Amino acid sequence: MLKLRYKDSKQNAVWLLEPAVRIGTGSQNEMVLEDTEVGEVHANILVEHEKLVLENCSKGLPIYVNGQSVKDRITLEANDILLLGSTQLQVEDPKTARNQKPQATVSATASPLSAWALKSNHSALNNKVFTLGAQTLVGRSKECDITLAAAHLSRQHARLTIENDRLHVKDLDSSNGTFVNGRRVTEARVSRGDELRFDSLAFGVIGPADDLDKTTIRPVVSVKSAVKPKPVTRVKRSPAPAVAPAKPNAAPQVNPELQDQPSRGPWLSVLTLLVLAGVGAYFYLGASF
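Residues numbered from 1 in each chain as written. Predicted model: local features only at pLDDT ≥ 70, side-chain atom pairs only at ≥ 80, totals over all residues. Heavy atoms only, no water.

Our next topic: the nonpolar core. Formed by 24 residues in total, the largest nonpolar core has its most connected members in Leu148 and Val169. At the level of elements, strand E13 (113-120), strand E14 (129-133), strand E16 (146-148), strand E17 (158-163), strand E18 (166-171), strand E21 (187-190), strand E22 (195-198) and strand E23 (201-206) are the ones that each hand at least two residues to this core. Discounting residues that sit within four places of it in the chain, Val169 has contacts with Ala158, Arg159, Leu160, Thr178, Val180, Val185, Thr186, Glu187, Ala188, Val190 and Leu196. (Core = buried A, V, L, I, M, F, W, Y, C linked by side-chain atoms within 4.5 Å. Buried < 20%, exposed > 50% of the residue type's maximum accessible area, 1.4 Å probe, protein only. Helix = DSSP H or I, 4+ residues; strand = E, 2+ residues; numbered from the N terminus. Contact = heavy atoms within 4.5 Å.)

Moving on to the sheet that holds strand E7 (residues 63-65). Strands pair in a sheet through their backbones, by hydrogen bonds, and they do so in one of two ways: parallel or antiparallel. Sheet architecture is open: six strands sit in the order E2-E1-E11-E10-E7-E8, paired in antiparallel fashion. Two strands lie at the open edges of the sheet, namely strand E2 (14-15) and strand E8 (68-69), each paired on one side alone. Of the pairings in the sheet, the one linking strand E1 (residues 3-6) to E2 comprises two bridges and is antiparallel in character. Each residue of the ladder has a partner; that of Lys3, found in E2, is Trp15. (Pairing = 2+ DSSP bridges.)

Taken as a whole and judged by the stated rule, the model has two aromatic pairs. Look at Phe130 and Phe203: their rings are 6.1 Å apart centre to centre, the planes differ by 70 degrees, and that puts the pair in the edge-to-face class. Of this pair, Phe130 sits in strand E14 while Phe203 sits in strand E23, and the two are 73 residues apart along the sequence. Take Phe130 and Phe203: they sit in the same class, and that class is buried. Among the aromatic residues, those joined into a cluster by ring pairs are Phe130, Phe198 and Phe203. Looking at Lys3, its charged tip hangs above the ring of Trp15, at a distance of 5.2 Å from the centre. (Phe/Tyr/Trp six-rings, centres within 6.5 Å; stacked < 30°, edge-to-face > 60°. Lys NZ or Arg CZ within 6 Å of the ring centre and 35° of its normal.)

Another point: unusual backbone geometry. One can expect most non-glycine residues to show negative phi and most peptide bonds to be in trans. Residue Pro19 is bonded to the preceding Glu18 through a cis peptide linkage, with omega at 0 degrees. For Asp165, which is not glycine, the phi dihedral falls at a positive 65 degrees. Inspection of the secondary structure assignment puts Asp165 in the loop between E17 and E18. With phi around 55 degrees, Asp199 is a residue other than glycine that occupies positive phi space. Following the sequence through the fold, Asp199 ends up in the loop between E22 and E23. Assessed through its relative accessible area of 17%, Asp199 is described here as buried.

In terms of residue burial, E23 counts as a mostly covered element, since five of its six residues are buried. When E22 meets E23, the two strands line up antiparallel, connected through four bridges. Across the sheet, the residue bridging to Phe198 is Leu201, located in E23. Where E22 hands over to E23, the hairpin turn is made up of two residues, of which Asp199 adopts a positive phi near 55 degrees.

In structure tokens, the structure reads:
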């Protein structure tokens, strides 16, 4: 049988009995909270044997289970952490309370979230993912943004900082150290895919790749290299005969043998007319006789 108690105190715990356990500020609830951020009936836990289902009855007020916002329903298990207003509650199995595994909670006052996150590689944290803010304090103290309830962690173990979309970790003089990919560091930059470890609690780093801010330059392809020209077949031609350039203002060349002969053009024309006239007269006179 499970029960619900204040996370930092084992006093005022209530057994989770069938059929349901109500939580709120009203006196009718099985678990009454003194919290101005909690409604009169803030939540209801339905109980069937050891199966638990949490219902949000707050009409819009926030409820978180292990850092995850719950707007409707969610199944609960032993060691789950509930945040109602500013009150943290924990589901406890009294049989295993002495051997309780380290649990993690995210502070309600954490800085605005970013694209960076830590994914737990430890079985005790059930591969839980913790989204990081601009400044995230990790440690055992409940004042940290990510609280890891493990005795071998320092109260304030390390600080994660995001600057210019780059994630950095700084060890805060912890007793058992902070490690990046197995190497103990005092301060270091952390990249996506790295393993970040606080003593024995290891996390995989989730975040943007380093090359996202780089511009890929497409190689320029010239027209000559893109289109291969067809081979040109050259035709051999015989050279043209050389022509001597004409001399400017040169007089036309005249055969010296014809230079002194008289012109026959007019005389030939007169002779031709006389012959034609004679032939015409002959035919005319012959026709008359």
